[in-house]
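As a plain string of letters, each chain reads:
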Amino acid sequence: MEESKLSVREQGKKIYDIYFRDSFDDLTEALSEAGLLNRKVCIVTESNVAPLYLKELYDLLNPVCTKVTTFSFSAGEAHKQLKTVEHLYEQLIRNHFDRKDLIVALGGGVAGDMAGFAAATYLRGIDFIQIPTTLLSQVDSSIGGKTGVDFIQYKNMIGAFHQPKLVYINVNTLKSLPDREYVSGMAEVIKHGLIKDQAYYCWIRDHKDQILSKDPDTMLEMIRKSCDIKRQVVEADPKEQGERALLNFGHTLGHAVETLMDFSLLHGECVAIGCRLALKISRNRGMISEKETEEICALFDAFSLDQRFDRLTPERIIETTKSDKKMAGGHIRFILLKRIGEACIDLTVSDEEMMEVLEEELR
């Protein structure tokens, strides 16, 4: 196994470690190394994950913490709202949590984003750690300190940057993940290769059978590499002032589709849709070839990331992008592909360009 820990730094100083393990056995040791023992802890999780891992985590933390409480909410993007966070605030207040205490986010991206937002805003900020249990959260949302909730139907419109003190990835949690959830996470994995590392993209393509079969060594290598790519981008641009925006490849149109489909499609499925559309805009501009576009789309297909969104119109999708939080000075901040392994930020993508690729995809 490759090195089992990565350090994330800010201005050269380590701010937290990402652990790669195949169990929760080393969690107490990781907490000790981060100086997080002997505190009150609130484990925040959701209804799908709680029956699988909450008791195990509680039993591990209870002997090394002064008190352990748990907060579980109904699974799903529909519950990633301020109302859920309000209930969490109430529990923290009733249990007298102070700034020295700790929130533990156990679950996928919804649990991680919401627990992180609560940690960022309760008493103007307390510590939290991420224990991601989905592929999507392990390779993407648990790293980088983006926290937030949806507002009405607008995704992640309310949030804060608040870095975790620790990310602990137990890859064996992926074995309990439904296949659709697992392959959904591959959209972000493929995205990492497309925007930053051509060799990694080729490795994903060449190992798709091992990835689909959840081969443990392959999963570990893939997750570690994706985390390393995200780590590098976040270190270079922690507050998304420049390069970090490249991680939004596929997200502008993908988020619009996700919203308009009332979250009936998974986040990764919508990112894959957005990646296809951004690829085709890049192709139409002569940045990548038709052959490359077809090959990349075929890789998404290999992971069953070929969902249809026929009930939507191009006009509604384009209109919804105008409310995206990634707008810059009235322009949509689009991410395009110069070549496989190199992306760029573009503020000039027109409604007509979006219309052309949407009509192509919806045929």
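Scroll up to find the structure.
All of these numbers come straight from a predicted model, not from anything done at the bench.

About the criteria used
Residues numbered from 1 in each chain as written. Predicted model: local features only at pLDDT ≥ 70, side-chain atom pairs only at ≥ 80, totals over all residues. Heavy atoms only, no water. Helix = DSSP H or I, 4+ residues; strand = E, 2+ residues; numbered from the N terminus. Buried < 20%, exposed > 50% of the residue type's maximum accessible area, 1.4 Å probe, protein only. Areas by Shrake-Rupley, 256 points an atom, 1.4 Å probe, with all protein chains shown as cover. Disulfide = S-S within 2.5 Å. Core = buried A, V, L, I, M, F, W, Y, C linked by side-chain atoms within 4.5 Å. Contact = heavy atoms within 4.5 Å. Axes fitted to C-alpha atoms, helices over the stretch in contact; angles between N-to-C directions. Parallel < 35°, antiparallel > 145°, perpendicular 65-115°, else oblique. Left-handed = near helix turned anticlockwise from the far one by under 90°. Nonpolar A, V, L, I, M, F, W, Y, C, P; charged D, E, K, R; others polar. Salt bridge = Lys/Arg side-chain N within 4 Å of Asp/Glu carboxyl O. Pairing = 2+ DSSP bridges. Expected span 1.5 Å × (residues − 1). Polar contact = N/O pair within 3.5 Å; in protein donor to acceptor, adjacent residues only side chain to side chain. Phe/Tyr/Trp six-rings, centres within 6.5 Å; stacked < 30°, edge-to-face > 60°. Lys NZ or Arg CZ within 6 Å of the ring centre and 35° of its normal.

Asks: Honestly, the overall build of the chain in this entry has me stumped. Any pointers?
Replies: On a plain count of helices and strands, the chain comes out with 14 helices and 13 strands. Each principal axis of the C-alpha atoms in the chain carries an extent, and together these give about 60 × 45 × 40 Å. Residue burial in the chain is summarised as follows: out of 363 residues, 58% are buried. Within the structure as shown, the chain displays about 14900 Å² of accessible surface, and the carbon and sulfur contribution to it stands at 48%.

Asks: Explain the state of the cysteines here, please?
Replies: Between two cysteines, a covalent bond joining their sulfur atoms is known as a disulfide. Scanning the model with the defined rule gives zero disulfides in all. In this structure Cys270 is a free cysteine whose sulfur lies 11 Å from that of Cys275, the closest cysteine sulfur available. With relative accessibility at 0%, the residue Cys270 sits in the buried group.

Asks: What should I look at first to understand unusual backbone geometry in this one?
Replies: Glycine aside, residues mostly have negative phi angles, and peptide bonds mostly take the trans form. Here the phi dihedral of Gln11 falls at roughly 50°; this positive angle occurs in a residue that is not glycine. Along the polypeptide, Gln11 turns up in the loop between strand S1 (5-10) and strand S2 (13-21). The exposure class of Gln11 is exposed, given its relative accessible area of 81%. One non-glycine residue, His96, adopts positive backbone phi at about 60°. With respect to the element layout, His96 can be found in the loop between helix H3 (82-94) and strand S5 (102-107). A relative accessible area of 62% places His96 in the exposed class.

Asks: Looking at this model, I keep getting lost on the nonpolar core. Mind explaining?
Replies: Soluble globular proteins: nonpolar side chains tend toward being buried together. If you look at the biggest cluster of nonpolar residues, it comprises 77 residues, and the most contacted ones within it are Met186, Ile204 and Ile223. The leading source of residues in this core is helix H11 (residues 267-284), at nine residues. Apart from residues lying up to four places away in sequence, Ile223 is in contact with Phe20, Leu135, Gln138, Val139, Ile169, Val171 and Leu174. Residues Ala30, Leu31, Leu61 and Val64 belong to the second largest nonpolar core, which totals 24 residues.

Asks: So what exactly am I meant to see when it comes to the packing of H3 against helix H4 (residues 109-121) here?
Replies: Angle between the axes and distance between the axes: these two values describe a pair of packed helices. Where H3 meets H4, the closest approach of the two axes is 10 Å, and the angle between their N-to-C directions is 55°. Classified by the angle their axes make, H3 and H4 are oblique. The two elements H3 and H4 cross, and the hand of that crossing is right-handed. Listed contacts from H4 to Leu82, Thr84, Val85, Leu88 and Tyr89 of H3 are Met114, Phe117, Ala118 and Thr121. Class assignment for the residues of the contact of H3 with H4 results in seven nonpolar, two polar and no charged.

Asks: Just to check I follow, could you spell out the pattern of salt bridges for this structure?
Replies: Pairing is possible between side chains of opposite charge, provided their charged atoms come close. This model, assessed by the stated rule, comprises 35 salt bridges. Two residues, Lys40 and Asp101, come together in a salt bridge whose shortest N-O distance is 3.7 Å. Pair noted here: Lys40 is in strand S3 (residues 40-46) and Asp101 is in the loop between H3 and S5, with a separation of 61 residues, a long-range link. We note that Lys40, like Asp101, is buried. Put simply, Arg276 and Asp301 hold a salt bridge, and the shortest N to O gap is 2.3 Å. Of the two residues, Arg276 sits in helix H11 while Asp301 sits in helix H12 (residues 290-302), which places them 25 residues apart along the sequence.

Asks: Where do I start with the pairing of strand S13 (residues 342-346) in this structure?
Replies: Remember that side chains alternate between the two faces of the sheet whenever the strand is regular. Of the strand pairs in this sheet, strand S12 (residues 334-339) and S13 are connected by five bridges, and their pairing is antiparallel. Looking at S13, one finds that Ile335 is bridged to Ile345. Hairpin geometry of S12 and S13 is characterised by an intervening segment of two residues between the two adjacent antiparallel strands and by a positive phi of about 100° at Gly341.

Asks: How do you make sense of helix H14 (residues 351-362) when you look at a structure like this?
Replies: The periodicity of an α-helix, 3.6 residues per turn, causes residues three or four places apart in sequence to face the same way. Compared with the 16 Å implied by 1.5 Å per residue over twelve residues, the 16 Å span of H14 between its first and last C-alpha is a close match. Listed in full, the buried residues belonging to H14 are Met354, Met355, Val357, Leu358, Glu361 and Leu362.

Asks: Is there a simple way to explain the side chain of Glu269 in this structure?
Replies: Along the chain, Glu269 falls in helix H11. Residue Glu269 is classed as buried on the basis of its relative accessible area, which comes to 2%. At 2.8 Å, the side chain of Glu269 and the backbone nitrogen of Leu266 are in polar contact. Excluding residues that lie within four positions of it along the chain, Glu269 makes contacts with Arg180, Ser184, Leu305 and Gln307.

Asks: How should I be thinking about the packing of aromatic side chains in this particular structure?
Replies: Describing an aromatic ring pair means giving the distance of the ring centres and the angle of the ring planes. Counted according to the given criterion, the structure contains four aromatic pairs. With a centroid separation of 6.1 Å and an interplanar angle of 25°, the aromatic rings of Tyr19 and Tyr168 are classed as stacked. With Tyr19 in strand S2 and Tyr168 in strand S9 (residues 166-170), this residue pair connects regions lying 149 residues apart in the sequence. Ring geometry for Phe24 versus Tyr168: centroids 6.2 Å apart, planes at 25°, classification stacked. Of this pair, Phe24 sits in the loop between S2 and helix H1 (27-33) while Tyr168 sits in strand S9; the two residues are 144 residues apart in sequence, bridging distant segments of the chain. On the basis of relative accessible area, Tyr168 is assigned to the buried category, the value being 0%. What links up through ring pairs into an aromatic cluster is the set Tyr19, Phe24, Tyr53 and Tyr168. Taking NZ or CZ as reference, Lys40 lies 5.9 Å from the ring centre of Phe97, over its face. Lys214 extends its terminal NZ or CZ atom over the ring of Tyr182, reaching a point 4.8 Å from the ring centre.

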